[in-house]
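Each chain, written out:
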Amino acid sequence: MVQNLKTDVLVIGAGPAGSMTAKWAAKHGAKVLMIEKRQEIGSPVRCGEGMSKEWLKEVEIKPGRWINVEVEGARIYSPSEKVFEINEKHAGNEVGYVVERDEFDKQLAIDAANAGVEVLLKTAATSLLKDGNRVVGVKAKAFGEPFEIRAPVTIGADGFESQVGRWAGIPTNIAMRDMDTCLQYRMTNVDCDVRYCDFFLGRVAPGGYVWIFPKGEGLANVGIGVQVSQVSSPADARTYLDRWIANHPGYAKGKKIDMVGGGVSISAPLKQTVADGIMLVGDAARMIDPLTGGGIANGCIAGKICGTVAAEAAAAGDPSKEFFQKYEKGWRARLEEKLYRNWLAKEKLVTLSDTTFDKVVDALAGVRLEKLNVHNILRAVHEKYPEVTKEFEAFL
Amino acid sequence: MPSKKSLHIESSGQLCIYCGACVGICPLNCIYLDETRITFDERVCTRCEICVKACPVGAIEID
Ligand SMILES: Cc1cc2nc3c(=O)[nH]c(=O)nc-3n(C[C@H](O)[C@H](O)[C@H](O)COP(=O)(O)OP(=O)(O)OC[C@H]3O[C@@H](n4cnc5c(N)ncnc54)[C@H](O)[C@@H]3O)c2cc1C
Ligand code: SF4
Ligand code: SF4
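Throughout this document, residue positions are counted from 1 along each chain, in the order its sequence is written. Written order determines the labels here, with chains lettered from A and ligands numbered from 1. At least 70 in pLDDT is required for a residue's local features to be given in this predicted model, at least 80 for side-chain atom pairs to be given and counted, and no such filter applies to totals for whole chains, interfaces and linings, which use all residues. Excluded from the side-chain calculation are hydrogens and water; included are all heavy atoms of the structure.

Asks: Where do I start with the sheet that holds strand 18 (residues 255-265) of chain A in this structure?
Replies: Sheet strands pair via backbone hydrogen bonds, and the direction of the pair is either parallel or antiparallel. Residue and element names in this part refer to chain A. Read from one edge to the other, the open sheet built from seven strands follows the order 7-6-15-16-17-14-18, with strand pairing classed as mixed. Only two strands of the sheet have a single neighbouring strand rather than two, namely strand 7 (83-87) and strand 18. The average undirected angle you get between the axes of adjacent strands in this sheet is 20 degrees. Between any two strands, pairing holds if DSSP finds at least two bridges. Numbering of helices and strands starts at the N terminus; helices are DSSP runs of H or I of at least 4 residues and strands are runs of E of at least 2. Where strand 6 (residues 73-77) lies against strand 15 (residues 196-200), five bridges are found, and the strand directions are parallel. Counted as the bridge partner of Y77 is F200 from strand 15. Helix-sheet contacts for helix 5 (residues 236-246) involve strand 14 (179-188), strand 15, strand 16 (209-216), strand 17 (219-227) and strand 18, and the interaxial angle to strand 14 is about 40 degrees. Note on geometry: axes are C-alpha line fits, over the in-contact stretch for helices, and angles between N-to-C directions span 0 to 180 degrees. Contacts: residue pairs with any heavy atoms within 4.5 Å of one another.

Asks: Can you walk me through helix 1 (residues 16-27) of chain A in this structure?
Replies: Since the α-helix advances by 3.6 residues per turn, residues separated by three or four positions end up pointing in the same direction. Residues and elements named next belong to chain A. Take the residue count of a helix, subtract one, and multiply by 1.5 Å to get its expected span. With twelve residues, helix 1 should reach 16 Å at 1.5 Å per residue; the first-to-last C-alpha distance of 16 Å fits that figure. Burial classes: relative accessible area under 20% of the type maximum marks a residue as buried, over 50% as exposed, and values in between as partly exposed (1.4 Å probe, protein chains only). With eleven of twelve residues buried, helix 1 is to be regarded as a mostly interior element. Residues of helix 1 that are buried sit in contact with strand 2 (9-12), strand 3 (32-35), helix 3 (101-114), strand 13 (153-156) and helix 7 (296-316). Looking one or two places after helix 1, you find G29, whose phi comes out positive at around 100 degrees.

Asks: Is there a simple way to think about the nonpolar core in this case?
Replies: Nonpolar cores were defined as sets of buried Ala, Val, Leu, Ile, Met, Phe, Trp, Tyr and Cys residues, with membership established by side-chain atoms within 4.5 Å. One finds A:W55, A:I61, A:M279 and A:Y327 to be the most contacted residues of the largest nonpolar core, which totals 70 residues. Looking at this core element by element, the count peaks at ten residues for helix 7 of chain A. The residues touching A:W55, leaving out its near neighbours within four places in the chain, are A:I61, A:F104, A:I296, A:A297, A:C300 and A:I301. One finds A:Y77, A:Y240, B:I38 and B:A59 within the second-largest nonpolar core, a separate group that totals 40 residues.

Asks: Would you explain the sheet that holds strand 1 (residues 5-6) of chain A in this entry?
Replies: Residues and elements named next belong to chain A. The sheet built from four strands is open, its strands ordered 1-12-11-10 with mixed pairing. The sheet is open, and its two edges are formed by strand 1 and strand 10 (123-131), each paired on a single side. In this sheet, strand 12 (residues 145-150) lies alongside strand 1 in parallel orientation, the contact comprising two bridges. Bridging from a neighbouring strand, L5 pairs with I149 of strand 12.

Asks: Whenever I open this one, the interface of chain B and chain A confuses me. Can you help?
Replies: Accessible area lost upon the coming together of the parts is a frequently used measure of interface size. Listed as interface residues are 25 residues of chain B and, on the opposing side, 33 residues of chain A. Interface of chain B and chain A: buried area, both sides summed, is about 2,200 Å²; carbon and sulfur atoms make up 54% of it. Basic side-chain nitrogens of Lys or Arg form a salt bridge, by our definition, when they fall within 4 Å of a carboxyl oxygen of Asp or Glu. The interface formed by chain B and chain A holds zero salt bridges in total. The definition of a polar contact used here is a pair of N or O atoms within 3.5 Å, where within protein one atom must be able to donate a hydrogen and the other to accept one, and adjacent residues in sequence count solely through side-chain atom pairs. At the junction of chain B with chain A, the criterion picks out 15 residue pairs in polar contact (both at pLDDT 80 or more). The set of elements that each furnish at least two residues to the side of chain B that touches chain A consists of helix 1 (21-25), strand 2 (31-34) and helix 2 (50-54) of chain B. Per-class residue counts for the side of chain B that touches chain A are 18 nonpolar, four polar and three charged. Here the quantity called buried area is the accessible surface, traced with a 1.4 Å probe, that two parts lose on coming together, added over both. Amino acid classes used here: Ala, Val, Leu, Ile, Met, Phe, Trp, Tyr, Cys and Pro are nonpolar; Asp, Glu, Lys and Arg are charged; the rest, including Gly, are polar.

Asks: Help me understand the site of ligand 2, please; the structure alone is not making it clear to me.
Replies: A cutoff of 4 Å decides nearness: a residue is near a molecule or strand if any of its heavy atoms lies inside that distance of it. Not every one of the 13 residues close to ligand 2 is listed here, only the nearest: B:C26, B:C45, B:C48, B:E49 and B:C51. Here the shell around ligand 2 is built from residues that sort into ten nonpolar, one polar and two charged.

Asks: Before we go on, may I ask you to explain the packing of helix 1 of chain A against helix 7 of chain A in this structure?
Replies: Packed helix pairs are characterised by how far apart their axes lie and by the angle those axes make with each other. Residue and element names in this part refer to chain A. With their axes 7 Å apart at the nearest point, helix 1 and helix 7 run at an angle of 30 degrees to one another. One finds that helix 1 runs roughly parallel with respect to helix 7. For the element pair helix 1 and helix 7, the recorded crossing hand is right-handed. From helix 1, P16, A17, M20, T21, W24 and A25 reach across to helix 7, where they touch I296, G299, C300, G303, K304, C306, G307, T308, A310 and A311. For classification purposes, an angle smaller than 35 degrees is called roughly parallel, one larger than 145 roughly antiparallel, one from 65 to 115 roughly perpendicular, and anything else oblique. In this scheme the handedness of a crossing depends on how the near helix is turned from the far one: anticlockwise by less than a right angle means left-handed, clockwise means right-handed.

Asks: Would you mind showing me how to read the pattern of salt bridges here?
Replies: Side chains that differ in sign of charge can pair as their charged atoms come close. All names here are of chain A. Counted by the stated rule, this structure contains 24 salt bridges over all chains. Two residues, K106 and E40, come together in a salt bridge whose shortest N-O distance is 2.8 Å. Of this pair, K106 sits in helix 3 while E40 sits in the loop between strand 3 and strand 4 (50-52), and the two are 66 residues apart along the sequence. Ionic pairing is found between K253 and D191, a salt bridge with its closest N-O pair at 3.0 Å.

Asks: Just checking my understanding: could you explain unusual backbone geometry for this structure?
Replies: It is generally the case that most residues other than glycine have a negative phi and that most peptide bonds are trans. Between A:S43 and the following residue, A:P44, the backbone shows a cis peptide bond with an omega angle of -5 degrees. Secondary-structure assignment places A:P44 in the loop between strand 3 and strand 4. A positive phi angle, close to 75 degrees, is found at A:E49, a residue other than glycine. Mapped onto the elements of the fold, A:E49 is located in the loop between strand 3 and strand 4. A residue is classified by how much of its surface remains accessible, and A:E49, at 0% relative accessible area, is buried. Its identity as a non-glycine residue notwithstanding, B:R47 has a phi of 60 degrees, on the positive side. Here B:R47 is to be found in the loop between strand 3 (37-40) and helix 2.

Asks: Honestly, the site of ligand 1 in this entry has me stumped. Any pointers?
Replies: The environment of ligand 1 is formed by 36 residues, the closest being A:E36, A:G48, A:G50, A:R101 and A:D283. At ligand 1, the nearby residues belong to more than one chain, namely chains A and B. For ligand 1, an oxygen atom lies 2.6 Å from a polar atom in the side chain of A:E36. For ligand 1, a nitrogen atom lies 3.0 Å from a polar atom in the backbone of A:A125. Across the complex, the protein chains shield 93% of the 990 Å² of accessible surface that ligand 1 would expose by itself. In the shell around ligand 1, the residues fall into 16 nonpolar, twelve polar and eight charged. What fixes the domain bounds is an automatic or database domain assignment. Both of domain 1 (5-61 + 101-174 + 270-340) and domain 2 (68-97 + 175-265) of chain A provide at least three residues apiece to the shell around ligand 1. Each accessible area value is a Shrake-Rupley result obtained with a 1.4 Å probe; residue values ignore everything except the protein chains displayed when judging cover.

Structural data, given as structure tokens:
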């Protein structure tokens, strides 16, 4: 029999969002337990491993050996493969690193453990314990054995699967149009440019894109996201990715050494991420940027806020949804406006024809933008193809 | 009366890559993934086929 446990703050899931939340809750004095159903934190990797870097200081993550490649920019390819380059200068540090995601996740878990967090591996939450409507912990299984963990504050950081939130009655369901189904190969012996992260848009990946994130020495993550509502037959993600690779000799000659898949939410921000006794963070709260599909940064940023509020609630003995508004408001103040703006932009982008994509990228290819934002992009496109910007009037 | 169609997740490793995409989108939250083990609640599932589309490798079949 595994013993039942008690803690102040229980974090379910040891991804970046969970580890950050756990660390900040412990730093603020709470007794924290983090459970992870896998046997190894960070593995298997379900990620393209690209991230920006300007936010790392804000959440106090120090550079470490998880940094794999530092890129200079990103290149956006239209369907006819016209290129628009975004470099560090006008992206305002938006570009950044390709990382070793397993190392990154482990480092964040180490930081959490060093701050005093207890970590249990191979321990899965299987349902919630409730006192009336309030969540008061979980039923869990460790190495297959059932037991209970009681905690005034429970955090759902269980990633895209987002079951904990749904068990608590927080609507985190997403529609088919709000999700990309993803597949990625790590390939060796490919002709990628280690200075850039590359993105291929249009019909090659309906409602998503093909990405190439360089890992150095002819190694790259070559992946695809396809909007589920645009999937026409099973395994479309694989079909589209294999087709893209076959059509690009520099990649067709490569060899696959790894394969990962997963779901990425591309939804508008959720209306609710807290309930009595529980808060959601990271992918579990659908915090992925709906335009880029990146979720590491947002999960960490929200995690810091979530952990801080969790410790305060435990200290105050008030884990009510009213108290948790501090988190709800805090993460929204920091992230919601951009999430919403990028969601609107994405909603538009997924409707564009290949011809329009070509025009947009062609118009941008020649110009030097002072600052990269939707307004400047539209102005540049308007000068060359005024008919195209008509579709975007809402943004002007 | 025709019986419910049967849903089959090829999760013995032949096709499934244990990515969790189906888990996250199932509107009834009736698929559960633990490392390399998938369980699925036959009684709750409505055979809406959303998971079939969400699976990147085509490991879910309904017939
Ligand atoms: C193919 C793919 C490519 C991506 N590429 C990028 C990219 O290049 N850049 C980027 O920023 N983002 C990318 N993302 C998104 C990114 O991976 C996520 O946003 C990020 O992992 C979110 O972190 P998280 O901590 O919220 O969740 P996760 O990292 O998913 O962590 C959740 C953890 O909870 C555990 N867990 C789940 N259920 C339970 C349970 N019941 N009990 C105990 N533990 C549980 C899981 O095992 C997991 O370890 C990609 C996603 C996919 C699928
Ligand atoms: S068919 Fe629908 S209800 Fe059944 S498991 Fe798939 S997504 Fe869930
Ligand atoms: S989406 Fe497909 S590959 Fe991924 S876990 Fe579900 S059945 Fe397996």
